[in-house]
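# What the coordinates show
Here is what each chain is made of, one letter per residue.
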Amino acid sequence: MAEMTPEQLRLLRDVFQNACGFVLREDLKFIAERRLAPRLEALGLRDFGTYQRYLRFDPRAKEELEIAIDLLLPRETYFFREPAQLTTYVDEVIPRLAQDAVGRSLHVWSAGCSSGEEPYTLSMLMGDHPLLQGWDMDILGTDLSQKALSMARHAEYGPSALRSTTPEQRAKFFDSAEQGRVKVKREFKERVRFGWLNLLDGGGARLLPSMDVIFCRNVLIYFDTETRRRVVQLFSERLREGGYLMLGHSENLFSLTTRFELVQLSGDLVYRKPRTG
Amino acid sequence: MTWLDSDPAVETRYRTVSETTDLAALIEALFDESWRVRRLAADKLSVATTSDTLVQALLEVLSRRGQTGARNAAATALAHLGLVGVKPLIGLLGHTDPDQRKFAADILGELGRVEASSALIAALRDDDPNVRVASAEALGKTGGPDARRALEALLAAGPDVLIQVSALEALTALNAPPPLPLLVPLLHNPLTRRSAWRLIGRVRHRSAWVLMVRALRSKSTRDAALLALGGSTTPLASDVENELSVALSGVEDASAWLTKCLASEDLERRVGALHLVRAVRLPELSSRVAEAAEGGALAELSLSVLLSLGTPALVALLEGPSPALLQMSREGRSVASEAIVENSSPRFVGALTALLDAGEDELGEVAVRALGRCESIAAIAPLLRALDDDAVSAAASRALTHLAQTFPAEVKQSLSAKVLGPLRPHLVRAWANVAGLEALPVVRRALHDEAEAVRAAGAQMAMVVASEASTLLGMAVVDESARVRRGAARAVAGLGPTTGRPLLERLLDDREPSVLALAAGAAMECGAAWATPRLIELTTHADSGVVLASVQALMVLGGADDATLARIAAHPDGEVVKQVLQEGASSTAVLAQAVKALNDPRWDVRGAAAEALAVGGGVEHLAALEIASERETDALAHEAISRALAALKAR
Ligand SMILES: C[S@@+](CC[C@H](N)C(=O)[O-])C[C@H]1O[C@@H](n2cnc3c(N)ncnc32)[C@H](O)[C@@H]1O
């Protein structure tokens, strides 16, 4: 198996960082070698230096870059992840949103939704919420990975996606499928849409509607500061005034320059786009 | 409610600080209310030319109680000053305010200079407990024999547990385990035992192992004792493994306990558990072992432990109604997959076939690769089916070729039926590889196929029928599809520089850059010296890929004069420049460009320039390298420059 020299690692890091913000850290070298080895074999390339050049110069470079990104980026996700934050969302954020929404409609964006567990979780929590009965809810999941998106659209999951799902939730929101797998019930699947979007592509994101809430959890952690700043800026553009940004529990906006206010709710701290005037 | 940065006023102040070099202004900026502005000022101060005034000014900021932000920023700046900071900070250790003394100890630790050790040792007797703890921790970074002795003395000192823990951590940081009699009593105190066990792991003597083995047997001590194994990922010696294995064999719930430890958030604990699993050989834990790689950092160790568990462990990953492999994280899968592919055996065929049918592309590919290496006739049928599945057909074609090394007749026979039907690119490749000369009719048919992918595969495989290759490739070279011409360009080198010349000439005139680049590569591969004039022309092509391939070919074939090399070495694309620097260091024109390239904005180009000078340069290049070394901010480029300096000085 080919080994990555420090220089090759750095050059590949630059390639991925430019393409999608992902930082290939040194301690991930061994695993990256393993994940990319089948690509070297398939393309008949002898080492990672040649692979790096392939990613720049070959006519199929773009396609290959997508494959490589798909292989390297962590896509770990599951239903009802970070329950404490979800409780805050249900008990404290939704009532606030319901109060000042225009018409009875809400737009929610799960940015970096991976295989769909997060947007479906939101659909389940919101569809079930007493304050939102009869509301028009549009939940959008976007991701860079086409593989993840096709799994999301399929909406069928194995046991590891349910590691944080209670038996009651399982009974209420899922139908059984073959071999111990489950499928998201139709009513919760219907209002979730999916789209292919690189968060570094500001132009693409500007086509999205103005959002009431953006969930972007466990995505920014893989980016460098500059990329985080860019992406957070984009979120602030896409949120309506008074809209909320929900990050993963170990993530925060300190030292990122975008204007958000930190709101202390009883269950958690959340970010909100301030109102002007 | 907190407002996060980025009001325009902050931005203005940030810009002002980034442009100034005035010390007073920078010191003033340490008091800024914005974290970013303070941080920038501290960074700039730490690289400013140091002077007593600067140090005094920073110490003054440090003394402002209530100004937490400014004090931290001043501490950061002081911690980067190097040796000049040591003396004044030692002075600060004598301040009347304990808070100042603690700050001084912390920063001396950050500086990590052994010159500070004796002052810090004295501070271990400070009246204030916080100062004593900070000094002990700092000694773990400054080091030296006196520091060790002083830290060891603290272990014996008695009831102050906090200082004992700091001393243990400091000795761990110095990788300097104290005498065992000092450590043993601390293994029993719940507050000191984690740190103490970590140090036990650093003692290279049987007596330490004996202690650990004993502790692993007992429920109440084993969690802490495991940390003694968690400090290093290097495999344990086999006699140690044997003892550990004996120790754990009497423990009833060892398997459940290790399962828990392998999934721990604490990486040291996971490492310890991996070592133990290898020692005890519990193949049923194989999926947990693979999953210990989750996150990526422990993948290497996890793979080696998994391999040590042998075939039964791999079977456990693959078999059952819902195989463990399907439930794993991506890192766990990678580790498990590599182990399975590397150690594939006839026993796996059934499970691998089921895995292939589970419909997950990534695991399907693993199954195909493993089937190719399992050395079983039974693998042929599933691999033939896999040839029809776009997601895995490329891998299946390679796997069949591999399997044909063991079962040539059987693989050929199964494929011969299939090539009578519609052709697909990877079927053509597999057939050509397996059938050799007999593949001619199929290759010919492929070159007339309606699908360009099939024609391209036909072109690429034309060389297996060497006698006909010229004619076959002749058709491909005039194909309207660039993909097919690329297939021809990949194969044409096999004809050699003379027979291949007419075809190669045409390909070197193609209008598609991707074809040109491959043709240049072919010229290099077959040693077509006649092509140099055309290759020199191609170095001015607008497409960097074409230029790069042409330069590669020229460097191997020779024939480019100094003027040409100098021109290429100034190309706007960094990859092109690196190519010339990496292969042209024997040319003085290239070396002259290398000196200029030491100023290139790209770190990799600067590194390549230094490497070229290291082998081709002389003393006349020392000055340029010295300047580059001082200015270099990139670690890898800096290493290359230092190596070049050392090489030239030695000359
Ligand atoms: C670890 S998953 C998190 C999934 C989910 N939000 C959660 O918290 O469970 C991160 C996802 O971010 C996606 N991602 C990473 N970089 C991205 C980018 N530049 N644009 C869009 N998606 C990206 C990855 O493909 C991956 O699916």
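Computed from a predicted model, the values in this text were never measured in an experiment.

This part takes up the domain arrangement of chain A. Residues and elements named next belong to chain A. Assigned domains of chain A: these are domain 1 (6-72) and domain 2 (83-272). The centre of domain 1, based on its C-alpha atoms, is set 30 Å off from the matching centre of domain 2. Between domain 1 and domain 2, roughly 770 Å² of surface is buried when both sides are summed, and carbon and sulfur atoms account for 51% of that area. The tally of links between domain 1 and domain 2 comes to 0 salt bridges. Here domain 1 is connected to domain 2 by 5 residue pairs in polar contact (both at pLDDT 80 or more). Within the residue set of the side of domain 1 that touches domain 2, elements represented by two or more residues are α1 (6-20) and α4 (61-72). For the side of domain 1 that touches domain 2, the element with the highest residue contribution is α1, accounting for 4 residues. Taken together, the residues of the side of domain 1 that touches domain 2 sort by class into 5 nonpolar, 3 polar and 2 charged.

It is worth spelling out unusual backbone geometry at this point. All names here are of chain A. Positioned with a positive phi, Phe80 is a non-glycine residue whose angle comes to about 55 degrees. Structurally, the position occupied by Phe80 is in the loop between α4 and α5 (83-100). In the Ramachandran plot, Glu82 falls in the positive-phi region, its phi being about 55 degrees despite a non-glycine side chain. Glu82 gets classed as buried once you look at its relative accessible area, which sits at 14%.

Before going further, it helps to examine the packing of aromatic side chains. Residues and elements named next belong to chain A. According to the stated counting rule, one finds 8 aromatic pairs over all chains in the structure shown. Ring centres 4.8 Å apart and planes at 90 degrees place the aromatic pair Phe79 and Tyr157 in the edge-to-face group. One end of the pair, Phe79, is in the loop between α4 and α5; the other, Tyr157, is in strand β3 (residues 156-157), and 78 residues separate them in sequence. Using a relative accessible area of 0% as the deciding quantity, one classes Phe79 as buried. Ring centres 5.0 Å apart and planes at 85 degrees place the aromatic pair Phe173 and Phe188 in the edge-to-face group. On the criterion of sequence distance, the pair formed by Phe173 in helix α8 (residues 167-173) and Phe188 in helix α9 (residues 186-190) is long-range, its members being 15 residues apart. No difference in accessibility class separates Phe173 from Phe188, as the two residues are buried. One aromatic cluster in this structure is built from Phe79, Tyr120, Tyr157, Phe174 and Phe194. Geometry around Phe30 places Arg34 over its ring, the cationic atom sitting 3.6 Å from the centre.

As a further point, take the site of the ligand. Residues and elements named next belong to chain A. Around the ligand sit 19 residues, and of these Thr77, Arg81, Asp143, Leu199 and Asn218 come closest. Taking Leu144, its main chain carries an N or O atom lying 3.4 Å from a nitrogen atom of the ligand. At 2.9 Å, a backbone N or O of Arg217 approaches a nitrogen atom of the ligand. For the ligand, whose free accessible area comes to 600 Å², the fraction covered by protein is 98%. Class assignment of the residues belonging to the shell around the ligand gives a composition of 8 nonpolar, 5 polar and 6 charged.

What follows deals with the packing of α1 of chain A against helix α3 (residues 48-57) of chain A. All names here are of chain A. Across the interface, α1 lies against α3 with an axial gap of 9 Å and an inter-helix angle of 20 degrees. Our classification of the angle between α1 and α3 gives roughly parallel. Helix-helix and strand crossings are classified by hand; for α1 and α3 the assignment is left-handed. Within the contact between the two elements, α1 uses Gln8, Leu11, Leu12, Val15 and Phe16 and α3 uses Phe48, Gly49, Tyr51, Gln52 and Leu55.

Moving on, we come to the pairing of strand β8 (residues 239-247) of chain A. Residues and elements named next belong to chain A. Of all 9 residues in β8, 8 are buried, a share of seventy percent or more. Handedness of the crossover joining strand β7 (residues 211-216) and β8 through helix α11 (residues 225-238) is recorded here as right-handed. Bridge count for β8 against strand β10 (residues 269-272) is 2 bridges, and the pairing is antiparallel. Residue pairing in the sheet places Tyr244 in a bridge with Arg272 of β10.

When two helices pack together, their arrangement is given by the angle between the helix axes and the distance between those axes. Residue and element names in this part refer to chain A. Where helix α2 (residues 29-43) meets α3, the closest approach of the two axes is 11 Å, and the angle between their N-to-C directions is 75 degrees. Classified by the angle between their axes, α2 and α3 sit roughly perpendicular to one another. Packed against α2, whose contacting residues are Glu33, Leu36, Arg39, Leu40 and Leu43, the element α3 presents Phe48, Tyr51 and Tyr54 at the interface. Of the residues contributing to the contact of α2 with α3, the split by class is 6 nonpolar, no polar and 2 charged.

Residues and elements named next belong to chain A. One open sheet accounts for 3 strands, arranged β3-β5-β4; its pairing is antiparallel. Looking at which strands have only one partner, the edges of the open sheet turn out to be β3 and β4 (174-176). Bridge analysis of β3 against strand β5 (residues 182-184) gives 2 bridges, and the strand direction is antiparallel. In the strand pairing of β5, Glu156 is matched with Lys183.

Residues and elements named next belong to chain A. Note on placement: Gln85 falls in helix α5. Polar contacts involving the side chain of Gln85 include one to the side chain of Arg217, which spans 2.7 Å. In contact with Gln85, other than residues within four places in its own chain, are Arg217, Met246, Leu247 and Asp268.

What counts, and where the lines are drawn
- Residues numbered from 1 in each chain as written.
- Chains lettered and ligands numbered in written order.
- Predicted model: local features only at pLDDT ≥ 70, side-chain atom pairs only at ≥ 80, totals over all residues.
- Heavy atoms only, no water.
- Domains from an automatic or database assignment.
- Buried area = accessible area lost by both parts, 1.4 Å probe.
- Salt bridge = Lys/Arg side-chain N within 4 Å of Asp/Glu carboxyl O.
- Polar contact = N/O pair within 3.5 Å; in protein donor to acceptor, adjacent residues only side chain to side chain.
- Helix = DSSP H or I, 4+ residues; strand = E, 2+ residues; numbered from the N terminus.
- Nonpolar A, V, L, I, M, F, W, Y, C, P; charged D, E, K, R; others polar.
- Buried < 20%, exposed > 50% of the residue type's maximum accessible area, 1.4 Å probe, protein only.
- Phe/Tyr/Trp six-rings, centres within 6.5 Å; stacked < 30°, edge-to-face > 60°.
- Lys NZ or Arg CZ within 6 Å of the ring centre and 35° of its normal.
- Near = heavy atom within 4 Å.
- Areas by Shrake-Rupley, 256 points an atom, 1.4 Å probe, with all protein chains shown as cover.
- Axes fitted to C-alpha atoms, helices over the stretch in contact; angles between N-to-C directions.
- Parallel < 35°, antiparallel > 145°, perpendicular 65-115°, else oblique.
- Left-handed = near helix turned anticlockwise from the far one by under 90°.
- Contact = heavy atoms within 4.5 Å.
- Right-handed = clockwise from strand over helix to strand, strands pointing away.
- Pairing = 2+ DSSP bridges.

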